[in-house]
Amino acid sequence: HPEPIGALRVRVIQARDLAAADEPDLAAVVRGKISGEPAEGSSDPYCVLRLGAQTFQTKVLYKTLNPTWTEDNEVLFPVYKLSQCLMVTVWDKDFASSDNSGSVVPNS
């Protein structure tokens, strides 16, 4: 493997207004009936970052549409070429699988 030409430090901080990937639980439905507000579903989001062959995954934050990662949320990627692209994908953790909630490739 060649020597890296540098490093890219990335800190995942938060996501906002994610789509609800999970149906509301019974408690949310009951609260909605009492308050008159619609019961909202939730998501169990986590992020996967990829730069070249390197990947990093945050912890799953359960039952939130507006996650804020405060621990184990930073990675230092070795950079081998300036043309490498960072891919950030937000996933929803399900019991049997994961659903893609969205992806982004930041502009250079």
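As a starting point, this report considers the structure included with it.

Our next topic: unusual backbone geometry. The phi angle at Asp-17 is positive, at roughly 55°, despite the residue not being glycine. For Asp-17, the position within the fold is in the loop between strand S1 (6-11) and helix H1 (26-35). We note that Asp-72 has phi near 50°; this positive angle belongs to a residue other than glycine. Relative to the helices and strands, Asp-72 resides in the loop between strand S3 (54-57) and strand S4 (74-79).

Across four bridges, strand S2 (residues 45-51) lies against S3 in antiparallel orientation. When the sheet's bridge partners are listed, Leu-51 is paired in S3 with Gln-54.

Glancing now at the pattern of salt bridges. Oppositely charged side chains may form a pair once their charged atoms are brought near each other. By the definition in use, this model includes four salt bridges. The salt bridge partner of Arg-11 is Glu-74, with a shortest N-O separation of 2.7 Å. Of the two residues, Arg-11 sits in strand S1 while Glu-74 sits in strand S4, which places them 63 residues apart along the sequence. Residue classification places Arg-11 among the exposed positions, given a relative accessible area of 53%. Where Glu-71 meets Lys-59, a salt bridge forms, and the shortest distance between an N and an O atom there is 2.7 Å. With Glu-71 in the loop between S3 and S4 and Lys-59 in the loop between S3 and S4, the pair connects residues that are 12 residues apart, well separated along the chain. Classification of Glu-71 by relative accessible area gives partly exposed; the value is 45%. The structure contains a network of salt bridges with shared partners spanning Arg-9, Arg-11 and Glu-74.

About the criteria used
Residues numbered from 1 in each chain as written. Predicted model: local features only at pLDDT ≥ 70, side-chain atom pairs only at ≥ 80, totals over all residues. Heavy atoms only, no water. Helix = DSSP H or I, 4+ residues; strand = E, 2+ residues; numbered from the N terminus. Pairing = 2+ DSSP bridges. Salt bridge = Lys/Arg side-chain N within 4 Å of Asp/Glu carboxyl O. Buried < 20%, exposed > 50% of the residue type's maximum accessible area, 1.4 Å probe, protein only.

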